[in-house]
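# Working through the structure, step by step
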Amino acid sequence: MGSMCLLHASLSEYVLLFGTAVDTGGHSGRYWADIYDTVISGTFRQWKEGTTKSEIYYPGDTIVHRSGEATSVQWSAGTWMVEYGRGFIPSTLAFALADTIFSTQDFLTLFYTVRVYVKGLLLETNAYFSDSGQ
């Protein structure tokens, strides 16, 4: 369970703020994108596939989640971070929204999330076409 504020979105990259007010964790997902998380506050714990020990990250640390990797993740209450994703961003949406669709069935949040991403894509498309005409 977390909260996000999307700052930039396109088909090939995004920037967002992510955080949680409660202890939470789960599966990272396996994407066709590299994801970089920089911890602002709190702690982030990651257990990489194929290893026997987890790593703990603190404010100022950057975690790199490479394309194709899967990990177990855990955030302490009060953890906030900046996240940058680069690659085929639509590949991240299926996993990111699966819990909303199949578990919580929170379709209002699903609508808001898709609307914000589509708006970001439209802004990026408009900027591209207005720049290419000059």
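Residues numbered from 1 in each chain as written. Predicted model: local features only at pLDDT ≥ 70, side-chain atom pairs only at ≥ 80, totals over all residues. Heavy atoms only, no water.

## Regarding the overall build of the chain
If you tally the helices and strands in the chain, you get 2 helices and 9 strands. Scanning the chain from its N terminus toward the C terminus, one meets helices and strands in the order β-β-β-β-β-β-β-β-β-α-α. Here the C-alpha radius of gyration of the chain, 16 Å, is about what a compact globule of 134 residues would show, namely 14 Å. For the chain, the spread of C-alpha atoms along the three principal axes comes to 55 × 35 × 25 Å. Out of the 134 residues in the chain, the part that is buried amounts to 28%. Relative to all contacts within the chain whose residues are 6 or more apart in sequence, the contacts with residues 24 or more apart total 70%. Of the roughly 8,400 Å² of accessible surface on the chain, 61% is carried by carbon and sulfur atoms. Of the charged side chains in the chain, 8 are positive and 13 negative, and the gap between their average positions amounts to 2 Å. (Helix = DSSP H or I, 4+ residues; strand = E, 2+ residues; numbered from the N terminus. Rg over C-alpha atoms; globule rule 2.2 N^0.38 Å. Buried < 20%, exposed > 50% of the residue type's maximum accessible area, 1.4 Å probe, protein only. Contact = heavy atoms within 4.5 Å. Areas by Shrake-Rupley, 256 points an atom, 1.4 Å probe, with all protein chains shown as cover. Lys, Arg positive; Asp, Glu negative; His and termini not counted. Charge placed at Lys NZ, Arg CZ, Asp CG, Glu CD.)

## Focus on the sheet that holds strand β5 (residues 44-48)
The strand order β3-β8-β5-β6 describes an open sheet built from 4 strands, whose pairing is antiparallel. Looking along the sheet, the strands with just one partner apiece sit at the ends: β3 (24-27) and β6 (55-57). Averaged over all pairs of adjacent strands, the angle between their axes in this sheet comes to 15 degrees, without regard to strand direction. (Pairing = 2+ DSSP bridges. Axes fitted to C-alpha atoms, helices over the stretch in contact; angles between N-to-C directions.)

## Observations regarding the packing of aromatic side chains
Counted by the stated rule, this structure contains 6 aromatic pairs. Relative to W75, the ring of F18 lies with its centre 5.1 Å away and its plane at 55 degrees, an arrangement referred to as tilted. Separated by 57 residues along the polypeptide, F18 in strand β2 (residues 13-20) and W75 in strand β8 (residues 71-75) bring together distant segments of the chain. Like W75, F18 is buried. With a centroid separation of 5.9 Å and an interplanar angle of 55 degrees, the aromatic rings of F111 and Y112 are classed as tilted. (Phe/Tyr/Trp six-rings, centres within 6.5 Å; stacked < 30°, edge-to-face > 60°.)

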